[in-house]
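Letter by letter, the chains look like this.
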Amino acid sequence: MKEYKMRRGETLEERIPDMEATVEDYFGPITGTEDFKGSDLYVVGEPKNPVFKRVVVGAVKYSGKKDRLAVNFEEADPTDLSPDDLEAAGEAVNAKNEFLLEATGRDAKSRRDSMKRAVEDDAPDY
């Protein structure tokens with residue numbers, strides 16, 4: 001499960017006021033919920049894109065901090081996909097990136113840089 005921060009001065013609720021509808025628009029009908037760190041996340045058990053086997057997404061609430069977006073994309077093994085399904089791989093990448101951009105306000109490069117900084121902050125000083 002990956003967690004993403006919003007841009008400075010923005011909240012997840014401002015960026016995506018209706019998480020359930022947004023998740024359904026991007027990935028397909030919600031089939032249930034799953035608990036993660038005390039928050040209920042939406043589960044799409046049968047995503048509309050065949051590259052995804054399962055998608056879990058939602059807001060994780062922290063007391064005293066801004067909510068974060070938690071996401072887990074379970075993807076099919078590319079060797080198991082048919083040629084038609086392989087064509088959907090590009091659409092799957094676009095759906096992920098567009099959803100994360102809408103939710104966080106950060107593009108892929110900015111999200112990678114933020115993740116690198118978080119890992120560097122956790123590294124022990126020698």
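Residue numbers run consecutively from 1 along every chain, following the written order of its sequence. Under the rules for a predicted model, residues below a pLDDT of 70 receive no local features and side-chain atom pairs below 80 are neither given nor counted, while totals for whole chains, interfaces and linings still include all residues. Excluding hydrogens and water, the side-chain figures rest on all heavy atoms present in the structure.

An unreviewed UniProt entry lists the protein chain under the name DUF5611 domain-containing protein, with Haloferax litoreum as the source organism.

The next thing to look at is the overall build of the protein chain. Each helix and strand in the protein chain was counted, giving four helices and five strands. Only DSSP runs of H or I covering at least 4 residues are called helices, and only runs of E covering at least 2 are called strands; the numbering of each starts at the N terminus. Ordering the α and β elements of the protein chain from the N terminus gives β-α-α-β-β-β-β-α-α. Burial classes: relative accessible area under 20% of the type maximum marks a residue as buried, over 50% as exposed, and values in between as partly exposed (1.4 Å probe, protein chains only). Taking all 126 residues of the protein chain together, 34% fall into the buried category. What makes two residues a contact is simply this: any of their non-hydrogen atoms within 4.5 Å. For the protein chain, long-range pairs separated by at least 24 residues make up 50% of all intrachain contacts whose partners lie at least 6 apart in sequence. Carbon and sulfur atoms form 46% of the exposed surface of the protein chain, whose accessible area is close to 8,000 Å². Every accessible area reported is derived by Shrake-Rupley at a probe size of 1.4 Å, with residue values counting cover from the shown protein chains alone.

Pairing between two strands requires that DSSP report at least two bridges joining them. Where strand β2 (residues 32–36) meets strand β3 (residues 39–44), five bridges bridge the pair, whose relative direction is antiparallel. Bridged to T33 within β3 is Y42. Connecting β2 to the next strand, β3, in antiparallel fashion are two residues, including K37 with a positive phi near 50 degrees. Here β3 pairs with strand β4 (residues 52–60) via three bridges, running antiparallel. Within β4, the residue paired with V44 across the bridge is V55.

What follows deals with unusual backbone geometry. Unusually for a residue other than glycine, K37 sits at a positive phi of about 50 degrees. By the element assignment, K37 lies in the loop between β2 and β3. According to the relative accessible area criterion, K37 is exposed, its value standing at 52%.

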